[in-house]
Amino acid sequence: NAGVMQNPRHLVRRRGQEARLRCSPMKGHSHVYWYRQLPEEGLKFMVYLQKENIIDESGMPKERFSAEFPKEGPSILRIQQVVRGDSAAYFCASSPSLGAGANVLTFGAGSRLTVL
Amino acid sequence: GQNIDQPTEMTATEGAIVQINCTYQTSGFNGLFWYQQHAGEAPTFLSYNVLDGLEEKGRFSSFLSRSKGYSYLLLKELQMKDSASYLCAVRKAAGNKLTFGGGTRVLVKP
């Protein structure tokens, strides 16, 4: 089991460019979550998706950020017209379908975005 | 909303015990989680409490009191590799997402 796969691991963009971060959940997991982490800070929730469905986007900035989890392929977090403040580590996590028990979130290794 | 508080940093000696406290306020509660995160790496799951009491897992234990909105993570027989950030997270009754505290950075010294 390959775990949660994120790519790219490191991404450098200039101000105004677009950043696309990809996440493939663990095998058998149908729920995906995106979190942002600034240096020396905790994880901030951004968005929670199931296949073809956004369940909770209460943590997403209203502009420039979007997320999708299509029927086929990985989940994508897209940041348009990046600014220096978008520089952070973006972590994806996945979990099985809702059910009893812990329903633990398993995290990927993260994508580190640097905006010049 | 949710408010999750934990100390920013703690220092302890190899072989000792450290207790990391976490207090939370939430409009609904469906479980408290602890994760470990080494610098530059993914958070990894340590423990889960949904009922009051102590859950023990080897050198790590986690305690929960729902009435007090309080949890702690106890690390025994500290090893140098335990130097990491420890993240407390709460899951609300509705939904599956976790809300994290700011994390506690633990430094283990020889």
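Residues numbered from 1 in each chain as written. Chains lettered and ligands numbered in written order. Predicted model: local features only at pLDDT ≥ 70, side-chain atom pairs only at ≥ 80, totals over all residues. Heavy atoms only, no water.

**Digging into the overall build of chain B**
Okay, step 1: Along the backbone of chain B there are zero helices and 11 strands.
Okay, step 2: For 110 residues, the compact-globule estimate of 2.2 N^0.38 gives 13 Å, and the C-alpha radius of gyration of chain B, at 13 Å, lies within 12% of that figure.
Okay, step 3: With respect to the three principal axes, the spread of C-alpha positions in chain B is 45 × 30 × 20 Å.
Okay, step 4: Separation between the mean location of the 11 positive side-chain charges and that of the 9 negative ones in chain B comes to 7 Å. (Helix = DSSP H or I, 4+ residues; strand = E, 2+ residues; numbered from the N terminus. Rg over C-alpha atoms; globule rule 2.2 N^0.38 Å. Lys, Arg positive; Asp, Glu negative; His and termini not counted. Charge placed at Lys NZ, Arg CZ, Asp CG, Glu CD.)

**Focus on the confidence of the model for chain B**
Okay, step 1: Taken over all residues, the pLDDT of chain B has a mean of 93, while the share at 70 or more is 97%.
Okay, step 2: When pLDDT is averaged over each helix and strand of chain B, the minimum, 87, is found for strand β1 (residues 2-5) of chain B and the maximum, 98, for strand β8 (residues 70-75) of chain B. (pLDDT = per-residue confidence, 0-100.)

**Structural notes on the environment of Val115(A)**
Residue and element names in this part refer to chain A.
Okay, step 1: Note that Val115 resides in strand β11 (residues 111-115).
Okay, step 2: Since its relative accessible area comes to 5%, Val115 is described here as buried.
Okay, step 3: Taking the C-alpha atoms as reference, Val115 lies 29 Å from His31; in sequence the two are 84 residues apart. (Buried < 20%, exposed > 50% of the residue type's maximum accessible area, 1.4 Å probe, protein only.)

**Here's the deal with the sheet that holds strand β8 (residues 75-79) of chain A**
Residue and element names in this part refer to chain A.
Okay, step 1: Across the sheet, which stays open at both edges, the four strands sit in the order β1-β3-β8-β7 with antiparallel pairing between neighbours. Each edge of the open sheet carries a strand with a single partner, namely β1 (5-7) and β7 (65-68). Going from strand to strand, the sheet's axes swing by 15 degrees on average, the running direction of each strand aside.
Okay, step 2: The pairing of β1 with strand β3 (residues 19-24) spans three bridges and is antiparallel. Pairing of Gln6 across the sheet is with Cys23, part of β3. (Pairing = 2+ DSSP bridges. Axes fitted to C-alpha atoms, helices over the stretch in contact; angles between N-to-C directions.)

**Looking at the pattern of salt bridges**
Okay, step 1: Enumeration according to the criterion identifies eight salt bridges over all chains in this entry.
Okay, step 2: A salt bridge links Glu18(A) to Arg78(A); the nearest nitrogen and oxygen atoms lie 2.9 Å apart. One end of the pair, Glu18(A), is in the loop between β2 (10-13) and β3; the other, Arg78(A), is in strand β8, with 60 residues separating them in the sequence.
Okay, step 3: Between Asp82(B) and Arg59(B) there is a salt bridge whose closest N-O contact spans 2.7 Å. Linking Asp82(B) in the loop between β8 and β9 (84-91) with Arg59(B) in the loop between β6 (53-57) and β7 (60-65), this pair joins segments that are 23 residues apart in sequence.
Okay, step 4: A residue is classified by how much of its surface remains accessible, and Asp82(B), at 2% relative accessible area, is buried.
Okay, step 5: Three or more residues joined by partner-sharing salt bridges are found here, namely Glu18(A), Arg20(A) and Arg78(A). (Salt bridge = Lys/Arg side-chain N within 4 Å of Asp/Glu carboxyl O.)

**Some points on the state of the cysteines**
Working definition of a disulfide: a covalent bond connecting the sulfur atoms of two cysteines.
Okay, step 1: Counted under the stated rule, the structure contains two disulfides over all chains.
Okay, step 2: In this model, Cys23(A) is linked to Cys92(A) through a disulfide, with the two sulfur atoms separated by 1.8 Å. Across the S-S bond of Cys23(A) and Cys92(A) the torsion is about -60 degrees, and the bridge reads as left-handed. A residue pair is termed long-range when its members are at least 10 positions apart, and Cys23(A) in strand β3 and Cys92(A) in strand β9 (residues 88-95) qualify at 69 residues.
Okay, step 3: In this structure Cys23(A) comes out as buried when scored by relative accessible area, which is 0%.
Okay, step 4: At a sulfur-sulfur separation of 2.0 Å, the disulfide partner of Cys22(B) is Cys88(B). Every disulfide takes its handedness from the sign of the S-S torsion; for Cys22(B) and Cys88(B) that torsion is -70 degrees, giving left-handed. (Disulfide = S-S within 2.5 Å.)

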